[in-house]
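Summary of structural features
One letter stands for each residue in the lines below.
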Amino acid sequence: MSFLGRGGPSPAGGVNHERVEMAINEIDMVSDVFNRIVSSCHSKCISPRYAEGDLNKGESVCIDRCVAKFFEVNKKVGEKMQSAGASAQATGSTSFSL
């Protein structure tokens, strides 16, 4: 069994370095998205002067909406880039515009 549980054993019987590298890249990307969400939504929704230990109702609603908007925009940009990439690939072009 391979390191990530897919496919057969790796060629040398050890760790599949390509899959480890892919897993590390995915963790890096997820961490980057998380950090950008935290930074953006924290600065928009939470006052720099903390009055309470917990979020109040307004802050909580703002955070929920901010995260939802972040993911919605991320989804739309991804879809747009996929369609632009597909149309560029169909025409044989190497560059595309959004």
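Predicted model only: the values in this text are computed from it and were never measured.

For the rest of this paragraph, the subject is the nonpolar core. Membership of the largest hydrophobic core is limited to seven residues, which are Ile 37, Cys 41, Cys 45, Ile 46, Ile 63, Cys 66 and Phe 70. Contacts of Ile 37, omitting those with residues within four sequence positions, involve His 42, Val 67, Phe 70 and Phe 71.

Turning our attention to the packing of aromatic side chains. Tallied over the entire structure, the rule returns one aromatic pair. Here Phe 70 and Phe 71 contribute two aromatic rings whose centre-to-centre distance is 6.3 Å and whose plane-to-plane angle is 85°, an arrangement assigned as edge-to-face.

This part is about the packing of helix α1 (residues 17–45) against helix α2 (residues 57–91). Packing of α1 against α2 leaves a shortest axis separation of 9 Å and a crossing angle of 140°. By the angle between their directions, the pair α1 and α2 is classed as oblique. Between α1 and α2 the crossing geometry is right-handed. Contact residues: α1 offers Val 33, Arg 36, Ile 37, Cys 41, Lys 44 and Cys 45, while α2 offers Glu 59, Cys 62, Ile 63, Cys 66, Val 67, Phe 70 and Phe 71. Classifying every residue of the contact of α1 with α2 gives 10 nonpolar, no polar and three charged.

On to the state of the cysteines, then. One pass over the structure, following the stated rule, counts two disulfides. Here Cys 41 is linked by a disulfide to Cys 66, with a sulfur-sulfur distance of 2.0 Å. One quick way to see it: the torsion about the S-S bond of Cys 41 and Cys 66 is about -90°, and its sign makes the bridge left-handed. With a gap of 25 residues between them, Cys 41 in helix α1 and Cys 66 in helix α2 connect regions that are remote in the sequence. With a relative accessible area of 10%, Cys 66 lands in the buried category. Bridging Cys 45 to Cys 62, the disulfide has an S-S length of 2.0 Å. Across the S-S bond linking Cys 45 and Cys 62, the dihedral sits near -70°, which makes this disulfide left-handed. Of this pair, Cys 45 sits in helix α1 while Cys 62 sits in helix α2, placing them 17 residues apart in sequence. Given a relative accessible area of 11%, Cys 45 falls into the buried group. Cys 62 gets classed as partly exposed once you look at its relative accessible area, which sits at 28%. When the bonded cysteines of the protein chain are numbered from the N-terminus onward, they pair as 1-4, 2-3.

About the cut-offs
Per chain, residues are indexed from 1 in the order of the written sequence. Local features in this predicted model are restricted to residues whose pLDDT is 70 or higher, and side-chain atom pairs enter the listing and the counts only when it is 80 or higher, whereas totals over whole chains, interfaces and linings include all residues. Excluding hydrogens and water, the side-chain figures rest on all heavy atoms present in the structure. Nine residue types can take part in a nonpolar core, namely buried Ala, Val, Leu, Ile, Met, Phe, Trp, Tyr and Cys, and a core is a set of them joined through side-chain atoms within 4.5 Å. We call a residue buried when its accessible area falls under 20% of the maximum for its residue type, exposed when it is over 50%, and partly exposed in between, using a 1.4 Å probe and counting protein chains only. By the convention used here, residues are in contact when the closest approach between their heavy atoms is within 4.5 Å. Pairing of aromatic rings covers Phe, Tyr and Trp, the last through its six-membered ring, and needs centres within 6.5 Å; plane angles under 30 degrees mean stacked, over 60 mean edge-to-face, and all others mean tilted. Note on geometry: axes are lines fitted to C-alpha atoms, helical ones only across the stretch in contact, with angles between N-to-C directions running from 0 to 180 degrees. What counts as a helix is a DSSP run of H or I of at least four residues, what counts as a strand is a run of E of at least two, and both are numbered from the N terminus. Oblique is the label for any angle not under 35 degrees, not over 145, and not in the 65 to 115 range, which are roughly parallel, roughly antiparallel and roughly perpendicular in turn. For any helix crossing, the convention is left-handed if the near helix is rotated counterclockwise from the far helix by under a right angle, and right-handed if that rotation is clockwise. Polarity classes work like this: nonpolar for Ala, Val, Leu, Ile, Met, Phe, Trp, Tyr, Cys and Pro, charged for Asp, Glu, Lys and Arg, and polar for all others, with Gly in that last group. Here, a disulfide means two cysteine sulfur atoms that sit within 2.5 Å of each other.

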